[in-house]
Amino acid sequence: MREFGTAATGFPTLLFTAALIVVLAFWLLALVGAADPGSFDGDLPPGALGRGAPGLGGVPAAVAVSVLVLTGWLTSLTGTLALHRLTAPGPARTLLSLAVLALALLVGHRSARLLVRLRRRLRPHEQAPPRPDLVGRTCTIRTGRVDDGFGRAEVAVRGASPAVVRVRQLGGEPPLTRGSRALLYAYDDSGGFFWVTPQPLAAA
């Protein structure tokens, strides 16, 4: 256990350990509705992780980055443990640690690309409906709260899987929480989200 801790907090694994802590904290907050998985709007565009990291478009940025960090951490940890057992401290180990870092980044990127390919194979023809066309529909809130800067909701779409959209609510209205029914009454083109209001009783 001590060897594991030393490897996880040493170079190069420490870089991935810090990133993994941030990723885990983000998804825990998202699980309880305190963070929005769509905070990093839309899909991750090709090359978003650098010129040498193309091909990651097609999945939400938070998911792609999470996969990259997790697989990179596992690779780096495994490589660091092997180095500690097979080499003595010195310049040679430092060079090998840099090689482990490069390998971990490569494995993380490849894993994220594999995720993209699997998603495209499973849902090759999936197309999201034009977002403005959802105005006037009711939705179900999927986050713990909704305000003027945060919120997600699920909308039923005929002939397709439910769409998860970003929603915002003006202050002064009854608060919306997870499971609440609401009405999408306007779409903000610049922000890419819907304004919502509690569903009128007459429409329930």
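Model, not experiment: these values are computed from the prediction.

Trainee: Could you give me a rundown of the side chain of Ser 180, with the residues and numbers involved?
Mentor: With respect to the secondary-structure elements, Ser 180 resides in the loop between β3 (163–168) and β4 (181–188). Looking at Ser 180, the relative accessible area reads 18%, which means it is buried. Setting aside residues no more than four positions away along its own chain, Ser 180 makes contact with Cys 139, Thr 140 and Ile 141.

Trainee: So what about the nonpolar core? Which residues, and what values?
Mentor: In this structure, Leu 134, Cys 139, Ile 141, Val 165, Val 167, Leu 184 and Val 196 are the most contacted members of the largest nonpolar core, which totals 15 residues. Those residues within four positions of Leu 184 in sequence are excluded, and the remaining contacts are Leu 134, Val 135, Gly 136, Arg 137, Cys 139, Val 155, Val 167, Phe 194, Trp 195 and Val 196.

Trainee: How would you summarise the sheet that holds β4 if you had to cite specific residues and measurements?
Mentor: Taking strand neighbours around the barrel as the criterion, the five strands line up as β1-β2-β3-β5-β4 in a closed arrangement whose pairing is mixed. Strand-to-strand, the axes of this sheet are offset by a mean angle of 55 degrees, without reference to chain direction. Pairing analysis gives six bridges linking β4 to strand β5 (residues 193–198), with the strands arranged antiparallel. For Asp 188, the partnering residue across the bridge sits in β5 and is Phe 193.

Trainee: Could you give me a rundown of the packing of aromatic side chains, with the residues and numbers involved?
Mentor: For the coordinates displayed, the defined rule picks out four aromatic pairs. Each ring, one from Phe 193 and one from Trp 195, has its centre 5.3 Å from the other, and the planes form 80 degrees; the classification is edge-to-face. One residue, Arg 145, lies across the ring of Phe 150, its end atom 4.2 Å from the ring centre.

Trainee: How would you sum up the side chain of Ser 76? Please name residues and give values.
Mentor: Within the secondary structure layout, Ser 76 lies in helix α3 (residues 61–86). What makes Ser 76 buried here is its relative accessible area of 0%. Once residues lying within four places of it in the same chain are set aside, the contact partners of Ser 76 are Pro 12, Thr 13, Phe 16, Val 100 and Ala 104.

Trainee: Hey, could you go over a nonpolar patch on the surface for me, with residue numbers and the actual values?
Mentor: On the surface, a nonpolar cluster with roughly 410 Å² of combined accessible area is contributed by Phe 11, Leu 15, Leu 95 and Leu 98. The residue Phe 11 is located in the loop between α1 (2–8) and α2 (13–31) in this model.

Trainee: Can you lay out the pattern of salt bridges for me, pointing to particular residues and giving the numbers?
Mentor: By the definition in use, this model includes three salt bridges. Here Arg 142 and Glu 154 are joined by a salt bridge, their closest N and O atoms 3.3 Å apart. Taken as a pair, Arg 142 in the loop between β1 (138–141) and β2 (152–155) and Glu 154 in strand β2 lie far apart in primary sequence, twelve residues in all. Relative accessible area serves as the criterion here: at 36%, Arg 142 is assigned to the partly exposed category.

Trainee: Tell me about the packing of α2 against α3, and name the residues and values.
Mentor: Where α2 contacts α3, the two axes come as close as 9 Å, and the packing angle between them is 145 degrees. Like other packed secondary-structure pairs, α2 and α3 cross with a definite hand, here left-handed. Two secondary-structure elements touch here, α2 through Thr 13, Phe 16, Thr 17, Ala 19, Leu 20, Val 23, Phe 26 and Trp 27 and α3 through Ala 62, Val 63, Ser 66, Val 69, Leu 70, Gly 72, Trp 73, Ser 76, Leu 77 and Thr 80. When grouped by side-chain class, the residues that make up the contact of α2 with α3 number twelve nonpolar, six polar and no charged.

Trainee: I'd like a description of the environment of Glu 173, backed by residues and values.
Mentor: Counting through the fold element by element, Glu 173 comes out in the loop between β3 and β4. Under the relative-accessibility criterion, Glu 173 is labelled partly exposed at 27%. For the pair Glu 173 and Asp 147, spaced 26 residues apart in sequence, the C-alpha separation works out to 9.8 Å. Here Glu 173 is in contact with Val 196, Thr 197 and Pro 198, once residues within four sequence places are set aside. In terms of polar contacts, Glu 173 uses its side chain to reach the side chain of Gln 169, at 3.4 Å.

Trainee: Can you break down the pairing of β2 residue by residue, with the values?
Mentor: Here two bridges tie β1 to β2, and the two strands are oriented antiparallel to one another. Along β2, the bridge assignment pairs Thr 140 with Glu 154. When β2 meets β3, the two strands line up antiparallel, connected through four bridges. If you follow Val 155 over to β3, its bridge partner there is Ala 163.

Cut-offs and rules
Residues numbered from 1 in each chain as written. Predicted model: local features only at pLDDT ≥ 70, side-chain atom pairs only at ≥ 80, totals over all residues. Heavy atoms only, no water. Helix = DSSP H or I, 4+ residues; strand = E, 2+ residues; numbered from the N terminus. Buried < 20%, exposed > 50% of the residue type's maximum accessible area, 1.4 Å probe, protein only. Contact = heavy atoms within 4.5 Å. Core = buried A, V, L, I, M, F, W, Y, C linked by side-chain atoms within 4.5 Å. Pairing = 2+ DSSP bridges. Axes fitted to C-alpha atoms, helices over the stretch in contact; angles between N-to-C directions. Phe/Tyr/Trp six-rings, centres within 6.5 Å; stacked < 30°, edge-to-face > 60°. Lys NZ or Arg CZ within 6 Å of the ring centre and 35° of its normal. Patch = residues over 30% accessible without salt bridge, like charges linked within 9 Å, V, L, I, M, F, W, Y side chains within 5 Å. Areas by Shrake-Rupley, 256 points an atom, 1.4 Å probe, with all protein chains shown as cover. Salt bridge = Lys/Arg side-chain N within 4 Å of Asp/Glu carboxyl O. Left-handed = near helix turned anticlockwise from the far one by under 90°. Nonpolar A, V, L, I, M, F, W, Y, C, P; charged D, E, K, R; others polar. Polar contact = N/O pair within 3.5 Å; in protein donor to acceptor, adjacent residues only side chain to side chain.

On their own, these measurements won't tell you what the molecule is for.
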